[in-house]
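If you want the building blocks of each chain, they are given just below.
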Amino acid sequence: MNKTIIITGGAGFIGSHVVRRFVNTYPEYTIINLDKLTYAGNLANLKDIENKPNYKFVKGDITDAIFLKNLFSEEKPDAVIHLAAESHVDRSITNPIEFVMTNVVGTANLLNTAREQWKGEYDKHRFYHVSTDEVYGALGESGMFTEDTKYDPHSPYSASKAGSDHFVRAYHDTYGMDCVISNCSNNYGANHFPEKLIPLAINNIKNNKPVPVYGKGENVRDWLWVEDHARAIDVIFHKAKAGDTYNIGGHNEWKNINLIKLLCKIMDKKLGREEGTSEKLITYVTDRAGHDLRYAIDSTKLQKELGWVPSLQFEEGLEKTVDWYLQNEEWLSEVTSGAYQKYYEQQYKTK
Ligand code: NAD
Ligand code: DAU
(Lines give C-alpha, C1' and ligand atoms only; values in the text may rest on other atoms or scores of the structure.)
(Ligands and ions follow the chains in the order given, each with its own letter.)
Protein backbone atom coordinates (compact mmCIF):
# COMPACT_ATOMS: atom_id res chain seq x y z
CA MET A 1 0.00 0.00 0.00
CA ASN A 2 1.28 3.50 -0.83
CA LYS A 3 1.69 5.75 2.18
CA THR A 4 3.20 9.15 2.84
CA ILE A 5 4.82 9.28 6.25
CA ILE A 6 6.31 12.33 7.93
CA ILE A 7 9.16 11.30 10.22
CA THR A 8 10.15 14.20 12.49
CA GLY A 9 13.71 14.47 13.80
CA GLY A 10 14.95 12.23 10.99
CA ALA A 11 18.35 13.92 10.86
CA GLY A 12 19.11 13.06 14.49
CA PHE A 13 20.61 9.91 15.97
CA ILE A 14 17.64 7.52 16.20
CA GLY A 15 15.56 9.34 13.58
CA SER A 16 18.22 8.77 10.90
CA HIS A 17 18.17 5.01 11.54
CA VAL A 18 14.36 5.00 11.40
CA VAL A 19 14.31 7.02 8.14
CA ARG A 20 16.92 4.70 6.55
CA ARG A 21 14.99 1.60 7.59
CA PHE A 22 11.67 2.87 6.22
CA VAL A 23 13.16 4.24 2.96
CA ASN A 24 14.98 0.96 2.25
CA THR A 25 12.33 -1.49 3.48
CA TYR A 26 9.26 0.20 1.98
CA PRO A 27 10.06 1.59 -1.49
CA GLU A 28 6.28 2.02 -1.99
CA TYR A 29 6.12 4.57 0.88
CA THR A 30 7.13 8.22 0.54
CA ILE A 31 9.19 9.23 3.55
CA ILE A 32 9.36 12.92 4.43
CA ASN A 33 12.06 13.77 6.93
CA LEU A 34 10.99 16.92 8.78
CA ASP A 35 13.84 18.35 10.83
CA LYS A 36 14.91 21.78 12.08
CA LEU A 37 18.59 20.79 11.93
CA THR A 38 19.51 21.93 15.42
CA TYR A 39 23.06 21.19 16.65
CA ALA A 40 21.91 17.53 16.91
CA GLY A 41 20.52 17.24 13.37
CA ASN A 42 22.98 16.20 10.69
CA LEU A 43 22.06 15.35 7.11
CA ALA A 44 25.41 13.57 6.73
CA ASN A 45 23.74 10.78 8.75
CA LEU A 46 21.58 10.04 5.69
CA LYS A 47 24.06 10.43 2.82
CA ASP A 48 23.52 6.83 1.66
CA ILE A 49 19.79 7.30 1.04
CA GLU A 50 19.45 11.02 0.24
CA ASN A 51 18.96 10.41 -3.50
CA LYS A 52 16.41 7.62 -3.20
CA PRO A 53 13.17 8.47 -5.07
CA ASN A 54 10.95 7.76 -2.04
CA TYR A 55 12.87 10.13 0.28
CA LYS A 56 12.43 13.85 0.78
CA PHE A 57 13.92 16.27 3.33
CA VAL A 58 12.00 19.31 4.58
CA LYS A 59 13.67 21.79 6.92
CA GLY A 60 11.20 23.11 9.50
CA ASP A 61 10.37 23.69 13.12
CA ILE A 62 7.58 21.76 14.87
CA THR A 63 6.91 24.77 17.11
CA ASP A 64 5.76 26.68 14.00
CA ALA A 65 2.04 25.86 13.61
CA ILE A 66 1.62 27.74 10.30
CA PHE A 67 4.52 25.89 8.73
CA LEU A 68 3.02 22.56 9.86
CA LYS A 69 -0.42 23.43 8.48
CA ASN A 70 1.08 24.26 5.06
CA LEU A 71 3.21 21.10 5.06
CA PHE A 72 0.23 18.86 5.91
CA SER A 73 -1.97 20.55 3.27
CA GLU A 74 0.72 20.06 0.64
CA GLU A 75 1.93 16.56 1.46
CA LYS A 76 -1.29 15.04 2.85
CA PRO A 77 0.57 12.57 5.07
CA ASP A 78 -1.11 9.30 6.03
CA ALA A 79 0.92 9.06 9.22
CA VAL A 80 3.45 10.77 11.45
CA ILE A 81 6.31 9.09 13.30
CA HIS A 82 7.42 11.74 15.78
CA LEU A 83 11.01 11.71 17.05
CA ALA A 84 11.98 15.40 16.94
CA ALA A 85 12.97 16.56 20.40
CA GLU A 86 15.58 18.17 22.53
CA SER A 87 17.09 14.97 23.93
CA HIS A 88 20.02 15.66 26.26
CA VAL A 89 19.32 15.67 30.02
CA ASP A 90 22.33 17.90 30.90
CA ARG A 91 21.24 20.55 28.38
CA SER A 92 17.72 20.45 29.88
CA ILE A 93 19.20 21.35 33.26
CA THR A 94 20.85 24.50 31.83
CA ASN A 95 18.09 25.43 29.39
CA PRO A 96 14.74 23.91 30.44
CA ILE A 97 12.44 26.21 28.47
CA GLU A 98 13.87 25.11 25.12
CA PHE A 99 12.75 21.59 26.11
CA VAL A 100 9.24 22.79 26.97
CA MET A 101 9.01 24.55 23.61
CA THR A 102 10.16 21.71 21.37
CA ASN A 103 9.03 18.67 23.33
CA VAL A 104 5.71 19.90 24.74
CA VAL A 105 4.59 22.79 22.48
CA GLY A 106 6.09 21.18 19.35
CA THR A 107 4.32 17.87 20.01
CA ALA A 108 1.02 19.61 20.80
CA ASN A 109 1.33 21.60 17.54
CA LEU A 110 1.92 18.45 15.52
CA LEU A 111 -1.03 16.70 17.16
CA ASN A 112 -3.28 19.67 16.57
CA THR A 113 -2.28 20.00 12.93
CA ALA A 114 -2.98 16.28 12.47
CA ARG A 115 -6.33 16.65 14.28
CA GLU A 116 -7.43 19.40 11.89
CA GLN A 117 -6.10 17.81 8.72
CA TRP A 118 -7.30 14.28 9.43
CA LYS A 119 -10.76 15.19 10.79
CA GLY A 120 -13.42 12.58 9.94
CA GLU A 121 -10.75 10.07 8.90
CA TYR A 122 -8.88 9.31 12.11
CA ASP A 123 -9.15 5.57 11.47
CA LYS A 124 -7.10 6.04 8.27
CA HIS A 125 -4.22 7.93 9.91
CA ARG A 126 -1.73 7.10 12.63
CA PHE A 127 0.23 9.38 14.98
CA TYR A 128 3.18 7.45 16.46
CA HIS A 129 5.02 9.22 19.27
CA VAL A 130 8.53 8.05 20.20
CA SER A 131 9.17 8.53 23.90
CA THR A 132 11.57 7.48 26.63
CA ASP A 133 11.73 5.29 29.72
CA GLU A 134 12.83 8.38 31.69
CA VAL A 135 9.16 9.41 32.10
CA TYR A 136 8.82 6.59 34.66
CA GLY A 137 11.43 8.12 36.97
CA ALA A 138 14.12 6.15 38.79
CA LEU A 139 14.23 2.57 40.09
CA GLY A 140 15.98 1.34 43.23
CA GLU A 141 18.14 -1.80 43.21
CA SER A 142 15.30 -4.00 41.89
CA GLY A 143 12.17 -3.93 39.70
CA MET A 144 11.54 -2.88 36.11
CA PHE A 145 9.41 -0.30 34.30
CA THR A 146 6.27 -1.79 32.73
CA GLU A 147 3.67 -0.01 30.60
CA ASP A 148 1.63 0.46 33.83
CA THR A 149 4.37 2.14 35.87
CA LYS A 150 3.20 5.53 37.13
CA TYR A 151 4.89 8.55 35.53
CA ASP A 152 7.41 10.22 37.85
CA PRO A 153 9.85 12.33 35.79
CA HIS A 154 12.71 14.15 37.55
CA SER A 155 14.64 16.18 34.96
CA PRO A 156 13.27 19.01 32.81
CA TYR A 157 13.93 16.67 29.83
CA SER A 158 11.89 13.77 31.22
CA ALA A 159 9.17 16.13 32.48
CA SER A 160 8.86 17.59 28.97
CA LYS A 161 8.69 14.10 27.42
CA ALA A 162 6.07 13.07 30.02
CA GLY A 163 4.07 16.20 29.09
CA SER A 164 4.23 15.27 25.42
CA ASP A 165 3.08 11.68 26.17
CA HIS A 166 0.09 13.05 28.11
CA PHE A 167 -0.88 15.27 25.16
CA VAL A 168 -0.71 12.29 22.79
CA ARG A 169 -3.00 10.22 25.05
CA ALA A 170 -5.33 13.21 25.48
CA TYR A 171 -5.71 13.52 21.67
CA HIS A 172 -6.52 9.81 21.45
CA ASP A 173 -9.02 9.88 24.33
CA THR A 174 -10.66 13.22 23.45
CA TYR A 175 -10.77 13.24 19.64
CA GLY A 176 -10.48 9.53 18.88
CA MET A 177 -7.23 9.95 16.96
CA ASP A 178 -5.20 6.79 16.28
CA CYS A 179 -2.21 7.45 18.52
CA VAL A 180 0.51 5.03 19.60
CA ILE A 181 3.40 5.59 22.03
CA SER A 182 6.60 3.66 22.69
CA ASN A 183 8.96 4.26 25.61
CA CYS A 184 12.51 3.09 25.00
CA SER A 185 15.64 2.72 27.12
CA ASN A 186 19.11 4.16 26.31
CA ASN A 187 20.18 3.67 22.69
CA TYR A 188 23.73 3.30 21.39
CA GLY A 189 25.27 2.88 17.94
CA ALA A 190 26.47 4.82 14.89
CA ASN A 191 25.74 8.57 14.52
CA HIS A 192 25.16 9.08 18.26
CA PHE A 193 25.98 12.71 19.10
CA PRO A 194 29.14 12.82 21.27
CA GLU A 195 27.53 14.74 24.14
CA LYS A 196 26.02 11.41 25.30
CA LEU A 197 28.02 8.99 27.47
CA ILE A 198 29.16 6.29 25.01
CA PRO A 199 30.24 8.44 22.03
CA LEU A 200 31.69 11.09 24.35
CA ALA A 201 33.82 8.44 26.07
CA ILE A 202 34.94 6.92 22.73
CA ASN A 203 35.97 10.35 21.46
CA ASN A 204 37.83 11.25 24.66
CA ILE A 205 39.63 7.90 24.93
CA LYS A 206 40.70 8.21 21.30
CA ASN A 207 42.11 11.69 21.99
CA ASN A 208 43.66 10.78 25.38
CA LYS A 209 41.33 13.18 27.19
CA PRO A 210 39.79 12.59 30.65
CA VAL A 211 36.62 10.45 30.57
CA PRO A 212 34.12 12.19 32.92
CA VAL A 213 32.11 9.81 35.10
CA TYR A 214 29.34 11.49 37.12
CA GLY A 215 29.28 10.82 40.86
CA LYS A 216 30.60 7.35 41.70
CA GLY A 217 29.60 5.81 38.37
CA GLU A 218 27.01 3.67 40.21
CA ASN A 219 24.02 4.71 38.06
CA VAL A 220 22.54 1.98 35.91
CA ARG A 221 21.23 2.28 32.35
CA ASP A 222 19.62 -0.38 30.11
CA TRP A 223 21.30 -0.18 26.68
CA LEU A 224 19.74 -1.09 23.33
CA TRP A 225 21.35 -1.07 19.88
CA VAL A 226 19.76 1.76 17.87
CA GLU A 227 18.94 -0.47 14.89
CA ASP A 228 16.96 -2.77 17.21
CA HIS A 229 15.00 0.31 18.32
CA ALA A 230 14.33 1.28 14.69
CA ARG A 231 13.09 -2.26 14.01
CA ALA A 232 10.81 -2.10 17.07
CA ILE A 233 9.36 1.20 15.81
CA ASP A 234 8.70 -0.44 12.42
CA VAL A 235 6.87 -3.36 14.05
CA ILE A 236 4.85 -1.19 16.44
CA PHE A 237 3.95 1.33 13.71
CA HIS A 238 2.53 -1.45 11.55
CA LYS A 239 0.97 -3.74 14.17
CA ALA A 240 -0.07 -1.84 17.33
CA LYS A 241 -3.70 -1.10 18.10
CA ALA A 242 -4.83 2.52 18.29
CA GLY A 243 -4.17 3.92 21.77
CA ASP A 244 -1.55 1.29 22.62
CA THR A 245 1.76 1.77 24.44
CA TYR A 246 4.85 -0.45 24.25
CA ASN A 247 8.05 -0.43 26.29
CA ILE A 248 11.23 -1.15 24.30
CA GLY A 249 14.46 -2.27 26.00
CA GLY A 250 17.40 -4.59 25.76
CA HIS A 251 17.30 -6.40 29.14
CA ASN A 252 20.86 -5.14 29.28
CA GLU A 253 21.66 -3.22 32.46
CA TRP A 254 25.10 -1.73 33.04
CA LYS A 255 26.52 0.38 35.84
CA ASN A 256 28.12 3.39 34.14
CA ILE A 257 31.56 2.62 35.58
CA ASN A 258 31.48 -1.01 34.39
CA LEU A 259 30.39 0.08 30.93
CA ILE A 260 33.22 2.64 30.74
CA LYS A 261 35.75 0.03 31.86
CA LEU A 262 34.54 -2.36 29.12
CA LEU A 263 34.78 0.45 26.59
CA CYS A 264 38.35 1.23 27.73
CA LYS A 265 39.28 -2.43 27.23
CA ILE A 266 37.80 -2.49 23.70
CA MET A 267 39.53 0.80 22.83
CA ASP A 268 42.91 -0.45 24.11
CA LYS A 269 42.55 -3.46 21.81
CA LYS A 270 41.43 -1.42 18.79
CA LEU A 271 44.06 1.30 19.25
CA GLY A 272 46.87 -1.18 19.94
CA ARG A 273 47.38 0.21 23.44
CA GLU A 274 48.60 -1.87 26.36
CA GLU A 275 45.60 -3.17 28.40
CA GLY A 276 44.81 -0.75 31.26
CA THR A 277 46.07 2.37 29.43
CA SER A 278 42.67 3.93 28.67
CA GLU A 279 41.25 3.20 32.15
CA LYS A 280 43.72 5.73 33.54
CA LEU A 281 41.67 8.42 31.75
CA ILE A 282 38.60 7.76 33.94
CA THR A 283 37.90 10.90 35.99
CA TYR A 284 35.13 11.13 38.59
CA VAL A 285 33.34 14.49 38.35
CA THR A 286 30.45 16.23 40.17
CA ASP A 287 27.21 14.30 39.81
CA ARG A 288 24.34 15.37 37.53
CA ALA A 289 21.63 17.23 39.49
CA GLY A 290 18.63 14.95 40.16
CA HIS A 291 20.52 12.00 38.61
CA ASP A 292 18.16 9.00 38.27
CA LEU A 293 19.79 5.95 39.88
CA ARG A 294 18.59 3.12 37.68
CA TYR A 295 16.48 2.45 34.58
CA ALA A 296 15.38 -1.02 33.48
CA ILE A 297 12.71 -1.76 30.92
CA ASP A 298 10.39 -4.75 30.89
CA SER A 299 9.62 -5.28 27.19
CA THR A 300 7.63 -8.52 27.68
CA LYS A 301 4.50 -7.01 26.12
CA LEU A 302 6.32 -6.12 22.89
CA GLN A 303 8.06 -9.49 22.76
CA LYS A 304 4.88 -11.52 23.42
CA GLU A 305 2.34 -9.53 21.39
CA LEU A 306 4.42 -8.40 18.42
CA GLY A 307 7.32 -10.90 18.45
CA TRP A 308 10.13 -8.31 18.64
CA VAL A 309 13.39 -9.33 20.37
CA PRO A 310 16.73 -7.50 20.47
CA SER A 311 19.20 -8.92 17.95
CA LEU A 312 22.63 -7.94 19.27
CA GLN A 313 24.58 -8.83 22.40
CA PHE A 314 25.91 -5.66 24.04
CA GLU A 315 29.62 -6.56 23.87
CA GLU A 316 29.30 -7.21 20.12
CA GLY A 317 27.25 -4.04 19.59
CA LEU A 318 29.70 -1.91 21.54
CA GLU A 319 32.61 -3.22 19.50
CA LYS A 320 30.70 -2.49 16.27
CA THR A 321 30.01 1.02 17.58
CA VAL A 322 33.67 1.66 18.41
CA ASP A 323 34.62 0.46 14.91
CA TRP A 324 32.10 2.88 13.38
CA TYR A 325 33.54 5.86 15.27
CA LEU A 326 37.12 4.93 14.43
CA GLN A 327 36.19 4.57 10.75
CA ASN A 328 34.20 7.81 10.61
CA GLU A 329 36.69 10.37 11.91
CA GLU A 330 35.41 13.04 9.55
CA TRP A 331 31.84 12.75 10.92
CA LEU A 332 33.18 12.97 14.46
CA SER A 333 35.49 15.92 13.88
CA GLU A 334 32.71 17.83 12.06
CA VAL A 335 30.21 17.44 14.89
CA THR A 336 32.76 18.14 17.63
CA SER A 337 33.97 21.42 16.15
CA GLY A 338 32.43 24.89 16.55
CA ALA A 339 29.43 25.20 18.84
CA TYR A 340 30.04 21.80 20.43
CA GLN A 341 33.45 22.92 21.72
CA LYS A 342 31.80 25.80 23.59
CA TYR A 343 29.12 23.49 25.05
CA TYR A 344 31.79 21.04 26.20
CA GLU A 345 33.89 23.70 27.94
CA GLN A 346 30.80 25.11 29.69
CA GLN A 347 29.40 21.70 30.75
CA TYR A 348 32.59 20.22 32.14
CA LYS A 349 34.26 23.26 33.69
CA THR A 350 31.79 23.09 36.62
CA LYS A 351 31.97 19.31 37.02
P1 NAD B 1 18.72 13.71 18.78
O2 NAD B 1 18.93 14.86 19.71
O3 NAD B 1 19.90 12.99 18.25
O4 NAD B 1 17.86 14.19 17.52
C5 NAD B 1 16.77 15.06 17.64
C6 NAD B 1 16.43 15.58 16.25
O7 NAD B 1 15.29 16.44 16.36
C8 NAD B 1 17.54 16.41 15.61
O9 NAD B 1 17.75 16.02 14.28
C10 NAD B 1 17.02 17.85 15.69
O11 NAD B 1 17.50 18.69 14.64
C12 NAD B 1 15.51 17.63 15.61
N13 NAD B 1 14.75 18.72 16.23
C14 NAD B 1 14.98 19.27 17.45
N15 NAD B 1 14.12 20.28 17.65
C16 NAD B 1 13.32 20.35 16.56
C17 NAD B 1 12.23 21.17 16.19
N18 NAD B 1 11.79 22.15 17.00
N19 NAD B 1 11.62 20.95 15.00
C20 NAD B 1 12.06 19.98 14.18
N21 NAD B 1 13.10 19.18 14.46
C22 NAD B 1 13.72 19.36 15.64
O23 NAD B 1 17.73 12.74 19.55
P24 NAD B 1 17.69 11.13 19.58
O25 NAD B 1 18.60 10.66 20.64
O26 NAD B 1 17.80 10.62 18.22
O27 NAD B 1 16.19 10.92 20.12
C28 NAD B 1 15.10 10.89 19.19
C29 NAD B 1 13.82 10.70 19.97
O30 NAD B 1 13.87 9.47 20.69
C31 NAD B 1 13.56 11.78 21.01
O32 NAD B 1 12.18 12.05 21.03
C33 NAD B 1 14.00 11.16 22.32
O34 NAD B 1 13.28 11.69 23.40
C35 NAD B 1 13.64 9.70 22.08
N36 NAD B 1 14.47 8.70 22.81
C37 NAD B 1 15.84 8.77 22.75
C38 NAD B 1 16.60 7.78 23.39
C39 NAD B 1 18.12 7.78 23.33
O40 NAD B 1 18.75 6.93 23.99
N41 NAD B 1 18.76 8.66 22.57
C42 NAD B 1 15.95 6.75 24.06
C43 NAD B 1 14.56 6.73 24.12
C44 NAD B 1 13.83 7.70 23.46
O1 DAU C 1 16.78 6.31 28.90
C2 DAU C 1 16.57 6.93 27.67
C3 DAU C 1 17.31 8.24 27.61
O4 DAU C 1 18.69 7.93 27.50
C5 DAU C 1 16.86 9.14 26.46
O6 DAU C 1 15.53 9.50 26.65
C7 DAU C 1 17.74 10.39 26.39
O8 DAU C 1 17.39 11.15 25.26
C9 DAU C 1 19.18 9.96 26.25
O10 DAU C 1 20.03 11.08 26.23
C11 DAU C 1 19.57 9.02 27.40
O12 DAU C 1 19.60 9.74 28.66
P13 DAU C 1 20.75 9.51 29.76
O14 DAU C 1 20.80 10.70 30.61
O15 DAU C 1 20.60 8.19 30.41
O16 DAU C 1 22.03 9.41 28.75
P17 DAU C 1 23.51 10.04 28.85
O18 DAU C 1 24.29 9.42 27.75
O19 DAU C 1 23.48 11.52 28.94
O20 DAU C 1 24.04 9.47 30.23
C21 DAU C 1 24.10 8.05 30.48
C22 DAU C 1 24.58 7.87 31.90
O23 DAU C 1 25.97 8.29 31.98
C24 DAU C 1 23.86 8.71 32.93
O25 DAU C 1 23.76 7.98 34.15
C26 DAU C 1 24.76 9.94 33.14
C27 DAU C 1 26.14 9.36 32.91
N28 DAU C 1 27.15 10.29 32.31
C29 DAU C 1 26.81 10.99 31.19
C30 DAU C 1 27.72 11.84 30.58
C31 DAU C 1 27.35 12.64 29.36
C32 DAU C 1 28.42 10.37 32.85
O33 DAU C 1 28.76 9.69 33.86
N34 DAU C 1 29.33 11.20 32.25
C35 DAU C 1 29.02 11.96 31.16
O36 DAU C 1 29.90 12.74 30.68
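Residues numbered from 1 in each chain as written. Chains lettered and ligands numbered in written order. Predicted model: local features only at pLDDT ≥ 70, side-chain atom pairs only at ≥ 80, totals over all residues. Heavy atoms only, no water.

Asks: Is there a simple way to think about the site of ligand 1 in this case?
Replies: Taken together, 28 residues form the shell around ligand 1, and within it Ile14, Asp35, Ser87, Tyr157 and Lys161 come nearest. Contact distances for ligand 1 include 3.1 Å between a nitrogen atom and a backbone N or O atom of Lys36. Burial of ligand 1 by the protein chains amounts to 97% of its free accessible area of 840 Å². Elements with a minimum of two residues in the shell around ligand 1: helix 1 (13-25), strand 5 (126-132), helix 5 (156-175) and strand 7 (186-188). Ranked by the residues each element gives to the shell around ligand 1, the list is headed by strand 5, at three residues. (Near = heavy atom within 4 Å. Polar contact = N/O pair within 3.5 Å; in protein donor to acceptor, adjacent residues only side chain to side chain. Areas by Shrake-Rupley, 256 points an atom, 1.4 Å probe, with all protein chains shown as cover. Helix = DSSP H or I, 4+ residues; strand = E, 2+ residues; numbered from the N terminus.)

Asks: Help me out: how do you make sense of the sheet that holds strand 11 (residues 253-255) in this one?
Replies: Whether parallel or antiparallel, the strands of a sheet pair through hydrogen bonds between backbone atoms. Taken together, the three strands give an open sheet; going across it, the order is 7-9-11, and neighbouring strands pair in mixed fashion. Strands at the two margins of the open sheet, each flanked by one partner only, are strand 7 and strand 11. The sheet shows a mean angle of 50 degrees between the axes of neighbouring strands, direction not considered. Here strand 7 pairs with strand 9 (residues 220-225) via three bridges, running parallel. In the strand pairing of strand 9, Asn186 is matched with Trp223. (Pairing = 2+ DSSP bridges. Axes fitted to C-alpha atoms, helices over the stretch in contact; angles between N-to-C directions.)

Asks: Looking at this model, I keep getting lost on the site of ligand 2. Mind explaining?
Replies: As a matter of local geometry, ligand 2 sits amid 23 residues, with Asp133, Tyr157, Arg288, His291 and Tyr348 nearest to it. A distance of 2.9 Å separates an oxygen atom of ligand 2 from a polar side-chain atom of Asn256. Within the side chain of Arg288, an N or O atom sits 2.6 Å from an oxygen atom of ligand 2. The fraction of the free accessible surface of ligand 2 (690 Å²) that becomes covered by protein chains is 95%. For the shell around ligand 2, the leading source of residues is strand 8 (residues 211-214), giving three residues. For the shell around ligand 2, the residue count by class is nine nonpolar, eight polar and six charged. (Nonpolar A, V, L, I, M, F, W, Y, C, P; charged D, E, K, R; others polar.)

Asks: Can you help me understand helix 4 (residues 96-117) in this one?
Replies: One full turn of an α-helix is made of 3.6 residues, so residues set three or four places apart face in the same direction. With 22 residues, helix 4 extends 31 Å between its outermost C-alpha atoms, agreeing within 8% with the 32 Å of an ideal straight helix rising 1.5 Å per residue. Along helix 4, the sharpest kink reaches roughly 30 degrees, centred on Gly106. (Expected span 1.5 Å × (residues − 1). Bend = angle between axes of the 7 residues up to and from the residue.)

Asks: How should I be thinking about the packing of helix 6 (residues 197-206) against helix 10 (residues 314-327) in this particular structure?
Replies: For any two helices packed against each other, one specifies the crossing angle of their axes together with the interaxial distance. Relative to each other, helix 6 and helix 10 sit at 55 degrees, their axes nearing to 11 Å. Judged by the inter-axis angle, helix 6 sits oblique to helix 10. Classified by chirality, the crossing of helix 10 by helix 6 is right-handed. Of the residues in helix 10, those in contact with Ile198, Pro199, Ile202 and Lys206 of helix 6 are Phe314, Leu318, Thr321, Val322, Tyr325 and Leu326. Among the residues forming the contact of helix 6 with helix 10, the class breakdown is eight nonpolar, one polar and one charged. (Parallel < 35°, antiparallel > 145°, perpendicular 65-115°, else oblique. Left-handed = near helix turned anticlockwise from the far one by under 90°. Contact = heavy atoms within 4.5 Å.)

Asks: Looking at this model, I keep getting lost on the environment of Tyr171. Mind explaining?
Replies: With respect to the secondary-structure elements, Tyr171 resides in helix 5. In this structure, the C-alpha to C-alpha distance between Tyr171 and Leu197, residues 26 residues apart in sequence, is 35 Å.

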